[in-house]
Amino acid sequence: MGLSFEQPVECMESIAGGCLNVLEVIRFLNLPTRLFNAGSSECFGEAAGKPADESTAMQPRSPYGVAKATAYWQIANYRIAYGLWACTGILANHESPLRQSRFVTQKIIRGVQLIKEGKLDRLELGNLEIWRDWGWAPEYVRAMNMMLQTNKPQDYLISSGETSSLKEFVQVAFEMAGLKAEDHVHTQGSLMRPSDLRYSAMNPARIYKELGWRSKTKLREIIGKMYNDILF
């Protein structure tokens with residue numbers, strides 16, 4: 001998401017343009033196809049400080065969120081206009097050891113590992129006072145698959161329903177290594193985003209009610225799996 005502020009054009013072209021290209025291919029080929037679009041909770045923005053659900057208005061605060069919101073509405077439009085079987089899973093943050101290092105959660109995990117090994121002295125981060133809904137990626141993939149098995153395409157919000165601060169994420173990660181975060185973490189103003197989303201909370205009640213899916217892995221366990229490189 002942070003990278004989208006540096007490359008907004010590429011972000012819009014790859015996400016919204018890519019989604020549109022796939023939709024057009026499906027429309028012209030007219031073959032029986034089911035399309036799952038990976039949406040993002042970033043589309044909601046602050047959502048007036050309340051947990052967002054499928055009916056919440058989208059007010060994105062980043063180029064990434066804008067691009068994901070565009071793709072969401074493209075999916076909805078093609079579903080109505082052309083009868084395509086297409087749906088969007090509005091995904092909250094979903095983590096695993098497969099995260100790339102440019103994502104802050106993996107940067108934290110890798111930084112803690114390097115400090116534990118004596119290869120790094122300190123970890124430089126931006127704003128720690130942000131709150132997100134973090135879940136375990138393999139569980140979210142199961143939700144995606146469940147959405148694709150339904151008779152009728154429906155959009156669902158996929159999240160844990162629990163919100164935690166990045167500061168807590170950092171503290172737990174350092175605890176995994178037997179270290180204290182305050183001894184090694186330094187905040188840098190240059191790492192702050194131009195317009196950061198401070199608080200993000202999600203309400204996944206609909207997918208639980210209609211599909212029976214629920215996130216089970218809690219934040220501390222997620223961090224432990226990432227730290228110990230456990231995929232499943």
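Preceding this paragraph is the structure being described.
Residues numbered from 1 in each chain as written. Predicted model: local features only at pLDDT ≥ 70, side-chain atom pairs only at ≥ 80, totals over all residues. Heavy atoms only, no water.

Caption draft 1: Quick look at helix H3 (residues 63–82). Under the 1.5 Å per step criterion, the end-to-end length of H3 is 28 Å for 20 residues, consistent within 8% with the ideal 28 Å. Regarding H3, the residues found buried are Pro63, Tyr64, Gly65, Ala67, Lys68, Ala69, Ala71, Tyr72, Gln74, Ile75, Ala76 and Tyr78. Two residues or fewer past H3, Gly83 is found with a positive phi of approximately 70°. (Helix = DSSP H or I, 4+ residues; strand = E, 2+ residues; numbered from the N terminus. Expected span 1.5 Å × (residues − 1). Buried < 20%, exposed > 50% of the residue type's maximum accessible area, 1.4 Å probe, protein only.)

Caption draft 2: Up close: the nonpolar core. Membership of the largest hydrophobic core comes to 24 residues, with the highest contact counts inside it found for Ile108, Phe169, Val170 and Phe174. Going through the elements one at a time, helix H4 (104–116), strand E4 (123–125), strand E5 (131–136), helix H6 (166–176) and helix H8 (219–227) are the ones with two or more residues in this core. When residues of this core are assigned to their parent elements, the largest contribution, 6 residues, is made by H6. (Core = buried A, V, L, I, M, F, W, Y, C linked by side-chain atoms within 4.5 Å.)

Caption draft 3: A look at the side chain of Gln113. Here Gln113 shows up in helix H4. A residue is classified by how much of its surface remains accessible, and Gln113, at 17% relative accessible area, is buried. With residues up to four places along the chain from it excluded, the contact list for Gln113 reads Met226 and Tyr227. (Contact = heavy atoms within 4.5 Å.)

Caption draft 4: Representation of the sheet that holds strand E1 (residues 34–40). Taking strand neighbours across the sheet as the criterion, the 3 strands line up as E1-E2-E6 in an open arrangement whose pairing is parallel. If you trace the sheet from one side to the other, it starts and ends with E1 and strand E6 (156–158), each paired once. In this sheet, neighbouring strand axes are inclined to one another by 30° on average, regardless of whether the strands run parallel or antiparallel. Strand direction decides the pairing type here: E1 and strand E2 (residues 85–91), joined by 7 bridges, are parallel. Bridging from a neighbouring strand, Ala38 pairs with Gly89 of E2. Lying on the sheet, H3 is in contact with E1 and E2; it crosses E1 at an angle near 150°. (Pairing = 2+ DSSP bridges. Axes fitted to C-alpha atoms, helices over the stretch in contact; angles between N-to-C directions.)

Caption draft 5: Local environment of the sheet that holds strand E3 (residues 93–95). Within the open sheet, the 3 strands sit side by side as E3-E5-E7. Their pairing is mixed. Unpaired on one side and paired on the other, E3 and strand E7 (163–165) mark the two borders of the sheet. On average, each strand axis in the sheet is inclined to that of its neighbour by 55°, with strand direction left out of account. Sheet topology places E3 next to E5; 3 bridges connect them, and they run parallel. Paired with Glu95 across the bridge in E5 is Trp136. Docked against the sheet, helix H5 (residues 137–148) engages E3 and E5, running at close to 75° with respect to E5.

Caption draft 6: How the structure looks around the pairing of E1. In terms of burial, E1 is largely enclosed, as 5 of its 7 residues are buried. Crossover E1 to E2 through H3 is right-handed. (Right-handed = clockwise from strand over helix to strand, strands pointing away.)

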